[in-house]
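Remarks on the overall topology
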Amino acid sequence: MAKIENGRQSADSRSIRTISSSHMDDESSLGSDSEMNGFTNDRHTDKYGFIGGAQQYSEESAQDVPPEVLRQREVKWLDMLSNWDKWMVKRHKKVRLRCQKGIPPSLRGRAWLYLSGGKVKREQNRGKFEELDSQAGDPKELDVIEKDLHRQFPFHEMFVSRGGHGQKDLFRVLKAYTLYRPEEGYCQAQAPIAAVLLMHMPAEDAFWGLVQICEKYLPGYYSAGLEAIQLDGEILYALTRRVSPITYRHLEKHKIEPILYMTEWFMCAFSRTLPWASVLRVWDMFLCDGVKIIFRVGLVLLKCMLGTREKLNACQGQYETMELLRAIEPRYMQEGFLVREVLDVPISERDVESEHHVQLKRWRKNRGELHWKSPPRMHGARAIMASEPPSRQDLRQNPTIIVESPLPAPQLQKREKKGKEEKKSIKKGSMKKTPPVTEIPNPYNLPGDPKLPLRDPLLPLRDPLLPLRDPLLPLRDPLPQLPLRDPQPTLRDSPAQKPLVNDTPLPNTLKDSHLPQQPALNDQPVFNDQSLLKESPLQMSRQSLSSTEADHQDTYL
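Keep in mind that this is a model prediction, so the values were computed, not measured.

Quick look at empty space enclosed by the protein
Scanning the model with the defined rule gives 1 cavity of 30 Å³ or more in all. The space that makes up the largest cavity amounts to roughly 110 Å³. Taken together, W84, Y114, L115, G117, V120, A381, I384, M385, E388, P390 and L395 make up the lining of the largest cavity. Among the elements of the structure, α5 (108-116) and α22 (381-387) are those that each provide at least two residues to the lining of the largest cavity. Per-element tally for the lining of the largest cavity: the top contributor is α22, with 3 residues. In the lining of the largest cavity, the residues fall into 9 nonpolar, 1 polar and 1 charged.

Describing the nonpolar core
By size, the foremost hydrophobic cluster in this structure holds 115 residues, and its most contacted members are W84, F207 and Y261. The element contributing the most residues to this core is helix α16 (residues 292-306), with 11 residues. Once residues within four sequence positions are removed from consideration, Y261 is found in contact with L236, Y237, L251, I256, L302, M322 and L325.

Details of helix α11 (residues 203-217)
Taking 1.5 Å of rise per residue, 15 residues should cover 21 Å, and α11 covers 20 Å from first to last C-alpha, within 8% of that figure. α11 sits mainly inside the fold: 14 of its 15 residues count as buried.

A word on the packing of aromatic side chains
Where two aromatic rings form a pair, the distance of their centres and the angle of their planes describe that pair. Taken as a whole and judged by the stated rule, the model has 18 aromatic pairs. Plain terms: the ring middles of F207 and W208 are 4.9 Å apart, the flat faces sit at 65° to each other, and that makes the pair edge-to-face. Of the aromatic side chains, those joined through ring pairs into one cluster are Y261, W265, F266, F270 and F295. When the ring centre of W363 is taken as reference, the NZ or CZ atom of R367 above it lies at 4.1 Å.

Description of the environment of V160
Its location among the elements puts V160 in the loop between α8 (139-148) and α9 (165-180). Look at V160 and you get buried, because its relative accessible area is 8%. As for V160 and H150, which are separated by 10 residues in sequence, their C-alpha atoms are 7.3 Å apart.

A closer look at the packing of helix α2 (residues 67-82) against α5
The N-to-C vectors of α2 and α5 enclose an angle of 35°; their axes lie 11 Å apart at closest approach. For the pair α2 and α5, the crossing hand works out as left-handed. Contacts between α2 and α5 involve W77, L78 and L81 from the former and R110, A111 and Y114 from the latter. Across the contact of α2 with α5, the residue classes tally to 5 nonpolar, no polar and 1 charged.

Focus: helix α21 (residues 349-367)
With 19 residues, α21 should cover 27 Å at 1.5 Å per step; its first-to-last C-alpha distance of 26 Å lies within 8% of that length. Each element contacted by the buried residues of α21 is listed here: α12 (227-243) and α16. Looking one or two places after α21, you find G368, whose phi comes out positive at around 95°.

Quick word on the confidence of the model for the protein
Scored by pLDDT, the protein has a mean of 76; 64% of the residues are at 70 or more. Taken together, the stretch residues 489-534 has pLDDT below 50 and engages in 31 contacts with residues farther than four places along the chain or on a different chain. Residue range residues 549-557 is modelled with pLDDT below 50. Its contacts to residues more than four positions away, or to other chains, number 13 contacts.

Some points on the side chain of K311
When you line up the elements, K311 lands in helix α17 (residues 309-313). Leave out the neighbours within four places in its chain, and K311 touches C304, M305, L306, L324, E329, R331 and Y332.

Some details on the pattern of salt bridges
Applying the stated rule across the entire model yields 25 salt bridges. Here D289 ties to R96 by a salt bridge, and the two come within 3.0 Å at their closest N and O atoms. Taken as a pair, D289 in helix α15 (residues 276-289) and R96 in helix α4 (residues 92-101) lie far apart in primary sequence, 193 residues in all. Of the residues examined, R96 reaches a relative accessible area of 27% and is grouped as partly exposed. For R172, the salt bridge goes to D133, with nearest N and O atoms at 3.0 Å.

Quick word on the packing of α2 against α4
Taken N-terminus to C-terminus, the directions of α2 and α4 make an angle of 140°; their axes are 12 Å apart at the nearest point. Taken together, the axis directions place α2 and α4 in an arrangement best described as oblique. Here the hand of the crossing between α2 and α4 comes out left-handed. Residue-level inspection shows R73, K76, W77 and M80 of α2 in contact with α4, the latter providing V95, R98, C99 and K101. Here the contact of α2 with α4 is composed, by residue class, of 4 nonpolar, no polar and 4 charged.

Let's talk about a positive patch on the surface
There is a patch of like positive charges on the surface, built from K76, R91, K94 and K101. Along the chain, R91 turns up in the loop between α3 (84-90) and α4.

Quick word on unusual backbone geometry
The phi dihedral of F153 falls on the positive side, at around 50°, and the residue is not glycine. Along the chain, the position of F153 falls in the loop between α8 and α9. Residue classification places F153 among the buried residues on the basis of a relative accessible area of 6%. In this structure, A269 is a non-glycine residue whose phi angle is positive, near 55°. Locating A269 in the fold gives a position in the loop between α14 (263-267) and α15.

Re the environment of F50
Position of F50 relative to the elements: it lies in the loop between α1 (33-36) and α2. Taking relative accessible area as the criterion, F50 reaches 2% and is therefore assigned buried. For the pair F50 and E157, spaced 107 residues apart in sequence, the C-alpha to C-alpha distance is 6.2 Å.

Quick notes on the rules
Residues numbered from 1 in each chain as written. Predicted model: local features only at pLDDT ≥ 70, side-chain atom pairs only at ≥ 80, totals over all residues. Heavy atoms only, no water. 1 Å grid on protein atoms, 1.4 Å probe; cavity = no way out; pocket = protein on both sides within 12 Å on 5 of 7 lines; lining within 4 Å. Points joined across faces, edges and corners; volume = space filled by probe spheres on them. Helix = DSSP H or I, 4+ residues; strand = E, 2+ residues; numbered from the N terminus. Nonpolar A, V, L, I, M, F, W, Y, C, P; charged D, E, K, R; others polar. Core = buried A, V, L, I, M, F, W, Y, C linked by side-chain atoms within 4.5 Å. Buried < 20%, exposed > 50% of the residue type's maximum accessible area, 1.4 Å probe, protein only. Contact = heavy atoms within 4.5 Å. Expected span 1.5 Å × (residues − 1). Phe/Tyr/Trp six-rings, centres within 6.5 Å; stacked < 30°, edge-to-face > 60°. Lys NZ or Arg CZ within 6 Å of the ring centre and 35° of its normal. Axes fitted to C-alpha atoms, helices over the stretch in contact; angles between N-to-C directions. Left-handed = near helix turned anticlockwise from the far one by under 90°. pLDDT = per-residue confidence, 0-100. Salt bridge = Lys/Arg side-chain N within 4 Å of Asp/Glu carboxyl O. Parallel < 35°, antiparallel > 145°, perpendicular 65-115°, else oblique. Patch = residues over 30% accessible without salt bridge, like charges linked within 9 Å, V, L, I, M, F, W, Y side chains within 5 Å. Areas by Shrake-Rupley, 256 points an atom, 1.4 Å probe, with all protein chains shown as cover. Lys, Arg positive; Asp, Glu negative; His and termini not counted. Charge placed at Lys NZ, Arg CZ, Asp CG, Glu CD.

Here's what the structure looks like:
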């Protein structure tokens, strides 16, 4: 019968077939660490790399994201990582929201390195990790590290094999940290932190991520005396009074110190407590917003396990309460439920810092000064970036995979030069200015356009130098020319004298050529009768036709 421990199936319930390393041939086809440690090809590895154990993936403890949503998030995160400084300064709330939704697995390692400031730290200390890795180290520290290697996630395929690449990298990272901070040394709780980082990034990046967590997020947690973790335990105890008074009264009644149940939670950042899907979501928020996320997770677990009368009736003493906190129900650690509850806890950075000052004052009053003076704690990625402003060079992404071109170097340079020239020519061609478009006036007025005057009365009808019409074009309706009665010039045709009719000068226009010829003054006398001055209908029609023709010619010209 399988044993149930901590609400999940225990590790010893699985039958594991091991193979002695002495029987392993150098030319064996078993290549991974799990295969070399005895797990054959029939093993079942989940998407996180766990072969078994309490933290293996299950549909009840995790919620899957649709592939199309995951692709969209990857595109957004790639854009943020390419312009990290701008996003952190101008749109930090959006970065926080996307961390709360969950970082895409393919970019989680890179995002953690940027959030923690490990990327900047690595660029500013190039070659430091190689220098530390090449040193021997303290034999005492190395002996303790060697004993702890096989205890870190023994059911994960990276660390399942003794002497495998996972354990080798974990040893390198922990040894380098003891050389980087010899006054602090090695603490066993650092091993799971470094192991989680190694699951998502190379050894050098994991080392700088560990440095940032130990110095910025959880300063003093791994120092001698564990004074910082005790102080944060008092802070958690005081915040419990605000979030869940019934839980606080129960813990106070049975005199259960916070250090008894919260040490592993906080020092390992819940990496050994929660299902793996929940661990990753908690770390996404923790590296973005700082230690307040760790406090919130602890408050949620305390409230869910001890926040009702029914729960408290089942644990009447200190022992029963501690057993209940060691075996947290899986439904409270489920990814979706836990994240929602953590975001709803009304605890901010200011609340944590305010309570920190209160508890520090009380500590000094009862126990004196702290023996280990840790640097100030940074609450999240934005505070870390503000304390150490990076340069654009520090945030530049370096490719991890470089593919060499099959072309020789001279041909490659010629091709690149040709491509640049083509780009320049295209750019110049696109920058040529197009000639301005001349507006052609509309000859037909629209109903809404203002009515223009027909002509200026002060201007002549036409240019007198231009001909009336094109001589090559015939007239539309030519009028027949009537023969003159007297071809000889008369006094009326002379420009020097105007004929008079009733003492009124006649107009000397083109229309006069079409009027009937009148007798000269010498032949006929001038009559004063008005009836003779009236024109006949035929003359009036000819006169109107001639005027219409002249108007048409002006219009045509």
